[in-house]
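Fold and contact review
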Amino acid sequence: KMRLEDSIRVGLGLGRTISHLPQVFQVSDKISCTFTEIVGAASDYSQGFTNLNITSQMAEIAGGEAEFFYAPTVVSSPALKQKLIAEPSVKKALERARNCDIILQSVGPVDNSALLYLHGYLNDDDLQSLRDMGAVGDALGHYFDASGKPVRTLTDELMIGLELEDLRTVPWSVLIAGGDDKQVAIQAALRGDYFNVLITDEMTAQTLTLEAKNAE
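Here's what I pulled together on the structure shown here. (Residues numbered from 1 in each chain as written. Predicted model: local features only at pLDDT ≥ 70, side-chain atom pairs only at ≥ 80, totals over all residues. Heavy atoms only, no water.)

A separate point is the overall build of the protein. In terms of helices and strands, the protein carries 10 helices and 10 strands. For 216 residues, the compact-globule estimate of 2.2 N^0.38 gives 17 Å, and the C-alpha radius of gyration of the protein, at 17 Å, lies within 12% of that figure. Considered along the principal axes of its C-alpha atoms, the protein spans approximately 45 × 45 × 25 Å. By the burial criterion, 49% of the 216 residues in the protein qualify as buried. Here the contacts in the protein between residues at least 6 apart in sequence split such that 72% fall between residues at least 24 apart. A total accessible area of about 10,800 Å² is found for the protein, and carbon and sulfur atoms account for 49% of it. (Helix = DSSP H or I, 4+ residues; strand = E, 2+ residues; numbered from the N terminus. Rg over C-alpha atoms; globule rule 2.2 N^0.38 Å. Buried < 20%, exposed > 50% of the residue type's maximum accessible area, 1.4 Å probe, protein only. Contact = heavy atoms within 4.5 Å. Areas by Shrake-Rupley, 256 points an atom, 1.4 Å probe, with all protein chains shown as cover.)

If you want it as structure tokens, here you go:
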């Protein structure tokens, strides 16, 4: 149950890994908690991101409530983003997200499996440019290098939702990720202190532990 209790707020990111949670999540007793979206996810303009939205499902399984973030995941210009985040409803959604007790999020590599690439927000040249700048992974659509430092890109000015720095202020910032293709991104995200809990597979855990020992 991951420390779930009454009145706790759980933030949910968007991603293929996170979208599978309802298949494995279960509770023995109903919990009066709240599941809230931490990025814009409810608009038709999100171009398919809504397919990854599990907020209602998680709330139903737990017996709690769902809070929705009624804004696009990505907008067309930095100016539009600034206007949207100034809107009372969007501002309130961001406040709810920043006040989560737990956040569940994954990371992605910088290749053609990236969600922003698959949904047309990045092209091959963009991916190469990110790699040239040192980016090895992303969380919440915001990129970081191998040491965990943010790699600033235009997408930072287009994404509606929490940012990397926000993950550091959450009591339980949980990274759910595994597999060979994500090991570099996982390691970098942990170096950046964006997460203080890691849920992964045994092989990935062994690899990360060995690399940490070798670095000592």
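Let us keep going from here.
On to the pattern of salt bridges, then. If charged atoms from side chains of opposite charge come close, those side chains can pair. Applying the stated criterion to the full structure yields 5 salt bridges. The closest approach of N and O atoms between Glu165 and Arg152, which form a salt bridge, is 2.7 Å. Highlighted residues: Glu165 in helix 8 (residues 164-167) and Arg152 in the loop between strand 8 (150-151) and helix 8, separated in sequence by 13 residues. Assessed through its relative accessible area of 29%, Glu165 is described here as partly exposed. (Salt bridge = Lys/Arg side-chain N within 4 Å of Asp/Glu carboxyl O.)

With that settled, consider the environment of Leu80. In this fold, Leu80 is placed in helix 4 (residues 78-85). The sequence separation of Leu80 and Leu158 amounts to 78 residues, and the corresponding C-alpha distance is 8.2 Å.

This paragraph deals with the nonpolar core. Counting residues in each nonpolar core, the largest one holds 24 residues, and the members touching the most others are Ile38, Val107, Phe144, Leu167 and Phe195. Of all the elements in the fold, those that place two or more residues in this core are helix 8 and helix 9 (183-191). The biggest single contributor to this core is helix 9, with 4 residues. Leu4, Leu12, Met58 and Ile176 belong to the second largest nonpolar core, which has 19 residues in total. (Core = buried A, V, L, I, M, F, W, Y, C linked by side-chain atoms within 4.5 Å.)

Our next topic: the sheet that holds strand 10 (residues 197-199). Read from one edge to the other, the open sheet built from 6 strands follows the order 3-2-1-4-9-10, with strand pairing classed as parallel. Among the strands making up the open sheet, the edge pair consists of strand 3 (65-67) and strand 10. Along the sheet, successive strands turn relative to each other by an average axial angle of 20°, direction set aside. (Pairing = 2+ DSSP bridges. Axes fitted to C-alpha atoms, helices over the stretch in contact; angles between N-to-C directions.)

This part takes up the environment of Ile85. Residue placement: Ile85 occurs in helix 4. Along the backbone, Ile85 and Ile160 are 75 residues apart, and their C-alpha atoms lie at a distance of 7.5 Å.

The 4 strands lie next to each other as 5-6-7-8, forming an open sheet whose pairing is antiparallel. Single-partner strands in this sheet number two, and they are strand 5 (108-109) and strand 8. Examined bridge by bridge, strand 5 and strand 6 (residues 135-139) share 2 bridges and lie antiparallel to one another. From the neighbouring strand, Pro109 faces strand 6, where its bridge partner is Gly137.

Attention now moves to the packing of aromatic side chains. Within the structure shown, the criterion is met by 3 aromatic pairs. With centroids separated by 6.1 Å and ring planes inclined at 75°, the aromatic side chains of Phe25 and Phe35 adopt a geometry described as edge-to-face. Of this pair, Phe25 sits in the loop between helix 2 (21-24) and strand 2 (34-37) while Phe35 sits in strand 2; the two residues are 10 residues apart in sequence, bridging distant segments of the chain. (Phe/Tyr/Trp six-rings, centres within 6.5 Å; stacked < 30°, edge-to-face > 60°.)

Our focus in this paragraph is the packing of helix 9 against helix 10 (residues 202-215). In the contact formed by helix 9 and helix 10, the axes pass within 11 Å of each other and the chain directions differ by 55°. With respect to helix 10, the axis of helix 9 lies oblique. Seen along the crossing, helix 9 lies across helix 10 with a hand that is right-handed. On helix 10, the residues that touch Gln183, Ile186 and Gln187 of helix 9 are Thr204, Thr207, Leu208 and Glu211. (Parallel < 35°, antiparallel > 145°, perpendicular 65-115°, else oblique. Left-handed = near helix turned anticlockwise from the far one by under 90°.)

What follows covers the state of the cysteines. Applying the stated rule across the entire model yields 0 disulfides. With no disulfide of its own, Cys33 has Cys100 as its nearest cysteine by sulfur position, at a separation of 11 Å. Judged by its relative accessible area of 1%, Cys33 falls in the buried class. (Disulfide = S-S within 2.5 Å.)

Position of Pro72 relative to the elements: it lies in the loop between strand 3 and helix 4. Judged by relative accessible area, which is 15%, Pro72 ranks as buried. The spacing of Pro72 and Gly40 is 32 residues in sequence and 4.9 Å in space, taken between C-alpha atoms.

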